[in-house]
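Inside the fold
Okay, here's what each chain looks like letter by letter:
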Amino acid sequence: MRHLLSIEDLDRDGIERILARAASFAEVSGREIKKLPTLRGRRVLNLFYENSTRTRSSFEIAAKTLSADVTNFSPSGSSVEKGESLKDTVQTLSAYDPAAIVIRHPHAGAAALVSRWTAASIVNAGDGKHEHPTQALLDVFTLTRRIGSLDGKRIWIVGDVEHSRVARSDIQAFTKMGAHVTVCGPPTLIPRGIEALGCDVRFSLEDLREADVVYTLRMQNERMQDAFVPSLREYVAQYQVNGRRLSPRQVLMHPGPVNRGVELSGDVVDSPQAVITAQVEAGVVVRMAVLYEILAGARSGAPAPATPGPVLA
Amino acid sequence: MTALHDPRLSSIDGPPADLVIRRAHVLDPNASIDAPHDVVVRDGRIAEIAAPGSAEAPAGTEEVDGEGRHLFPGFVDPHVHLRTPGQEHKEDLETGTRAAAAGGYCAVVAMPNTDPVLDSAPLLRSLRDQAAREARIPVGFMPAITVGLRGAVMTEMAELRAEGALGFTDDGKPVVEAGMLRKALRYQKLVGGVIALHEEDPSLSGDGVMHEGAVSARLGLAGIPSLSESTMVARDAALALDEDARVHFQHLSARESVEAVAAAKAAGAKVSGEASPHHLLLTDEAVLSLDTRMKMNPPLRTEADRQAVIAGLRDGTLECIATDHAPHARDEKDVPFEAAPMGTTGLETAFAAVYTELVKPGVLPLALVVERLTAGARLMDLPTPRIAVGEPANVCLVDLAARWQVGEAGYESRSENCCFAGRTFEGRVLLTVAAGNVAYRERSFAVSAA
């Protein structure tokens, strides 16, 4: 695997291979000295066109744990205002000879486009409303550690599916792992034709009890301003996942950051059935596994992990 | 010299051609010809149509070998963007008309969404002067319906008509307010000229970048529903009927729109419609690649929509094929899909695309396609090119068997954003004569003077 651009590109075997690697890295995280020499001397560039605290820091920690040299590049604002095109920025950064570029961009397909302009391996850290593949991988990782195989499990994804790249990647990843996915939210925030991804659509939480896993999405304030829903109050009344709606056997997930009191009530966030913190932890080892896979994995043709050479591919 | 084109068209008036095209299969549905002939062009006009090999031409007349080739009337495109003035980095009058000539066109009609917008008589006059110096084939102009395409105030249509405006359009944008369009349709009773409409309800299209459906849901791209187009077609057809006005619907893409046009015609409205090669050949599945050449407005829609547009073209609900040739510079298209401007080039590929994908498989008859490629003239109140004695020579010679890959040898257009890039087509234009002038010769096509 040379790039990670989308979940769509991966099959079940590919997902399982990455997650097995992540499981082996999870042991390292438990050690006193959390460092592996695998990517020593190789450069990883974080190119984030959108604000992100957890995804960027998670990638940064993952790369540093593998001993890569990490540079964060945030062109949002300044460079865009100066009028530099994405292509020019990428070609400029390619002159630094990075082994990998981790990119987040507000437009769908940006990561795939960038992969054609540079020799570096590309990791998609979110492209518009299209995909967020590492989030989906860490979600599958977290979930399988909690409940085992996803085969036959029922997973509900609740909230603003329309604007969610997490939902699009998760629907595909969960489905590939054998789960049955239902998306649920206000009809104005469920895109027409989403069933083509292999999920069911519901507009009410009435049957939420059938779910083994409830995955809630972040509800952004601006959706109210754009009149997708009449009011926050009405959204909460219809779609908040709370103690009344959630049953104790269900696992609760959220990609973060949580709006307490909006999509989730405070009590369920803090309940033992929530695996939200475990998702964050999984983020690091899964991203380590992804970087390993594309930069040091068997098919990349790169040097074996134990023998980091003077590598600047 | 008497101009060999309509006075409202402008082009370089070069020396009128003297040629004899030997043994080509002449196919002109408008002149009811479908057989091999010799065609003699003298002083830019068709002087004789004779049995193959029998025409006598004066010494020195260029002989063109048409054996095994087809001679069609020159095509007329009622909808192109020549980007002049203001966006000459995308296209100009010279490159745009060169591309048109290479596609077999003998006349094109330029849209007004330039910078500045073509919305005043002085600007139209200067553009026509420029076209007389730069355009390889005759160009007609459609100025804006509303000043600055802002949808608020009518342009000075009477003065523009006197300066040669063929009709009016706010193409690129819809006339959002029904009341505004109604005023323009009423004013048409004074000034004449067709009102051509780009149909889109912005409250439905929003910030959409492709057709709304399964593909947009998968890609996470904002969608443009078919209703955005079809509801406006229905609304404006009702206005046209009520005002007895002449309205032309541009680049129709949705099944519901074709149905709305058919219903309006059945009710007696004087409306017409056009189909674009990309809507005839491609669907929104092509957008899965996120190739920005597949981004245009209206967007590529579903297979059912494509079939409806084909059926509409076949039964005459849509009278003509129009390319909506919309060049954009490479760096403008070399961006993520959502950030890219809408539009594909089309002049150089229209005939070959439709011939290869719809005529060869038997979906549409060749004669019908040739008629639809020339019908734009009638819709713009221009004389239809005909291969008949005494007519100005507007012809293109085509080798239907020649296979070529789109883009392999570059483009005549200044831009290369062609949605058919890389596809192999059959049907190569070898020679185009527009308004009696030789406007294009294919590079490898040898001609020999007698």
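Report follows, based on the coordinates.

Conventions and cut-offs
- Residues numbered from 1 in each chain as written.
- Chains lettered and ligands numbered in written order.
- Predicted model: local features only at pLDDT ≥ 70, side-chain atom pairs only at ≥ 80, totals over all residues.
- Helix = DSSP H or I, 4+ residues; strand = E, 2+ residues; numbered from the N terminus.
- Rg over C-alpha atoms; globule rule 2.2 N^0.38 Å.
- Buried ≥ 20, exposed ≤ 12 C-beta atoms within 10 Å, placed from the backbone.
- Contact = placed C-beta atoms within 7 Å.
- Expected span 1.5 Å × (residues − 1).
- Arc of directions from axis to C-beta.
- Nonpolar A, V, L, I, M, F, W, Y, C, P; charged D, E, K, R; others polar.
- Core = buried A, V, L, I, M, F, W, Y, C linked by C-beta atoms within 7 Å.
- Pairing = 2+ DSSP bridges.
- Axes fitted to C-alpha atoms, helices over the stretch in contact; angles between N-to-C directions.

**Some points on the overall build of chain B**
If you tally the helices and strands in chain B, you get 14 helices and 19 strands. Its C-alpha radius of gyration of 21 Å places chain B within 12% of the 22 Å reference for a compact globule of 450 residues. Overall, chain B is about 65 × 45 × 45 Å in size when its C-alpha atoms are taken along their principal axes. Here chain B holds 450 residues, and the buried ones make up 61% of them. Considering only contacts in chain B between residues 6 or more positions apart, those separated by 24 or more positions represent 77%.

**Digging into helix H4 (residues 178–191) of chain B**
Residue and element names in this part refer to chain B. The end-to-end C-alpha separation of H4 is 20 Å, in line with the 20 Å expected for 14 residues at 1.5 Å each. Residues of H4 that are buried include every one of Leu181, Ala184, Leu185 and Gln188, and no others. Taken end-on, H4 shows its buried residues confined to a sector of 100 degrees, consistent with a single buried face. Those residues of H4 that are exposed and aimed more than 90 degrees away from the buried face are Gly179, Arg186, Lys189 and Leu190. Close packing links the buried residues of H4 with strand E10 (194–197), helix H7 (227–243) and strand E13 (246–249). Phi for glycine 192, located one or two positions after H4, is positive at around 75 degrees.

**Regarding the interface of chain A and chain B**
With 21 residues of chain A at the interface, the matching set in chain B holds 17 residues. Contributing elements (two or more residues each) for the side of chain A that touches chain B: helix H4 (86–94), helix H5 (110–115) and helix H7 (165–176) of chain A. The element that contributes the greatest number of residues to the side of chain A that touches chain B is H5(A), accounting for three residues. Grouping the constituent residues of the side of chain A that touches chain B by class yields nine nonpolar, seven polar and five charged.

**A few points about the nonpolar core**
Residue and element names in this part refer to chain A. Counting 234 residues, the largest nonpolar core has Leu137, Ile157 and Leu291 as its most contacted members. Residue contributions to this core peak at 11 residues, all from helix H11 (residues 276–295). Residue contacts for isoleucine 157: discarding those within four places in its chain leaves Ala167, Asp170, Ile171, Val181, Val183, Tyr215 and Leu217.

**Examining the sheet that holds strand E3 (residues 100–105) of chain A**
Residues and elements named next belong to chain A. Across the sheet, four strands lie side by side as E2-E1-E3-E4; this open sheet has parallel pairing. Each having just a single partner strand, strand E2 (69–73) and strand E4 (121–127) make up the two edges of the open sheet. Strand-to-strand twist of the sheet, defined as the mean angle between neighbouring strand axes without regard to direction, takes the value 15 degrees. Here strand E1 (residues 43–48) runs beside E2; their pairing, made up of five bridges, is parallel. Pairing of arginine 43 across the sheet is with aspartate 69, part of E2.

**Brief notes about the environment of A:Val268**
Residue and element names in this part refer to chain A. Relative to the assigned elements, valine 268 resides in helix H10 (residues 266–269). With 24 C-beta atoms counted inside 10 Å, the residue valine 268 sits in the buried group. On a C-alpha basis, the gap between valine 268 and glycine 243 in space is 6.0 Å, while along the polypeptide they are 25 residues apart. If sequence neighbours within four positions are ignored, valine 268 has contacts with Val241, Asn242, Gly243, Leu246, Leu252 and Ala274.

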